[in-house]
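Secondary and tertiary structure notes
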Amino acid sequence: MISHPILWESGVYLPEQHLWLDPRQPRPRAVISHAHSDHVADHPLAYATPATRRLVTHRRRRPLVGTVEAVPYGESIALERCDVTFYPAGHVLGSAQTLVDTDFGRILYTGDLKTRAGFTSSPAQPVPADVLVLESTFGKPRYRFPDAAEVIAAMVSWCRSVLDGGATPVLLGYSLGKGQEILSALAAASLTIALHPSSFGVTEVYRELGCDFPPYQRLGEAGARPAVVIMPPSARRDRFADQLGVFKTAAMTGWAMDASLKDRLEVDAVFPLSDHADFEELCCYAEQVGASMTYTVLGFDEELAMHLRRRGLRGRTTRCAVRRSRDKEVTHGDQEEGHEEGQEGDP
Ligand SMILES: [Zn+2]
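Being a predicted model, the structure only gives us computed values, none of them experimental.

**Section: the overall build of the chain**
For the chain, the helix and strand inventory stands at eight helices and 19 strands. When burial is assessed residue by residue, the chain has 48% of its 347 residues classed as buried. Restricting to contacts in the chain with at least 6 residues of sequence separation, those with at least 24 account for 60%.

In structure tokens, the structure reads:
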């Protein structure tokens, strides 16, 4: 491989291809890997999967300013100096890994990634590439998630015990993605389920896009009681909380692996149900992609890069690229390691 200029400029930036990947600010030409708001901005021209485009349109209070071109999984779109192809990322419905095929090799950007099977989106499979740009949200060894079936069983058991005590169990998860995973996880439990309006709206779009769910009602509408409530964490203190009577809350998140999370969030329970890959899954994924260089981005990027190097891969963060981009320099995929190796002895 010759070289791959990769910068960080509001997101991953490939200057030779004039293409930004998940920039937080508007950029001339961008990929939107999925519909979570921190990955979406008003770009003049953007590419996304059809489901992501639909979900972005649903969630925006105002229409997008630019054009979002829908590109289905597995179909390549030819841009000047590269071809772009999306593959399932397993994170939320429509989420995509982005393969950018250039004259110099294949660059794979994972976006937010989940490799184990969920209910509502196909798990990410490794895509062979020369350069991997890997999200690092849970890139620390302490983040090893238990078996999802065990987590779900514990969550259902907690819901039943709260109901038996005369209170309403409230499961907290983001309205896009986590809410639908929680709803699906409750399918076999035969509980009456109510969704906060923001979760309800996204779930209706998921259904429109072909997902099946157990019966649910909209929180605030008349219906059978008692109900398990699914709502985004941000809604805990809004007017809907007043309709719940006595309730207990549980947070559904990979951060539940942190012993302090329950107190920090002021919830009654936490369950480690994540829509990201855990540490071991990230490492195994990087090994399977087989890239000659892995750049870690976001989250615990330094720790993950260090562990990848310990496992024999070439890995580094994009932080050096940030500094260099400010100096109008570039980072090349074939000129790494060196000073970064000094971190090998870190805990
Ligand atoms: Zn996300």
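**Describing the pairing of strand β9 (residues 96-102)**
As paired elements, strand β8 (residues 82-88) and β9 share six bridges and run antiparallel to each other. Bridge assignment links V84 to a residue of β9, and that residue is V100. With five bridges joining them, β9 and strand β10 (residues 105-109) adopt antiparallel strand pairing. Pairing of V100 across the sheet is with I107, part of β10. Following β9, the chain reverses through two residues before pairing antiparallel with β10.

**Overview of the environment of A124**
Mapped onto the fold, A124 is located in the loop between β10 and β11 (131-135). A count of 24 C-beta atoms within 10 Å places A124 in the buried class. Spatially, the C-alpha atoms of A124 and P88 are 5.4 Å apart, while their sequence positions differ by 36 residues. Not counting the four nearest positions on each side in its chain, A124 is found in contact with P88, A89, G90, Q97, L113, K114 and T115.

**Topic: helix α4 (residues 197-208)**
An ideal rise of 1.5 Å per residue puts 16 Å on 12 residues; α4 measures up with 16 Å between its terminal C-alpha atoms. Where α4 terminates, the next one or two residues include G210, which has phi positive at roughly 110°.

**Comments concerning unusual backbone geometry**
Phi is positive for S10, close to 75°, though the residue is something other than glycine. Looking at where S10 falls in the secondary structure, it is placed in the loop between β1 (7-8) and β2 (12-14). Residue classification places S10 among the partly exposed residues on the basis of 15 C-beta atoms within 10 Å. A positive phi angle, close to 75°, is found at R81, a residue other than glycine. On the secondary structure map, R81 appears in the loop between β7 (77-79) and β8.

Cut-offs applied
Each residue is numbered by its place in its chain's sequence as written, counting from 1. Thresholds applied to this predicted model are a pLDDT of at least 70 for local features of residues and 80 or more for the giving and counting of side-chain atom pairs; totals over whole chains, interfaces and linings are not thresholded and use all residues. Runs of H or I in DSSP of at least four residues are treated as helices and runs of E of at least two as strands, each being numbered from the N terminus. Counts of 20 or more other C-beta atoms within 10 Å of a residue's own C-beta define buried residues, counts of 12 or fewer define exposed ones, and intermediate counts define partly exposed ones; C-beta atoms are placed from the backbone. By the criterion used throughout, residues are in contact when their C-beta atoms, derived from the backbone, lie within 7 Å. Strand pairing requires that DSSP identify at least two bridges connecting the strands. Here the expected span of a helix is defined as 1.5 Å times the quantity of residues minus one.

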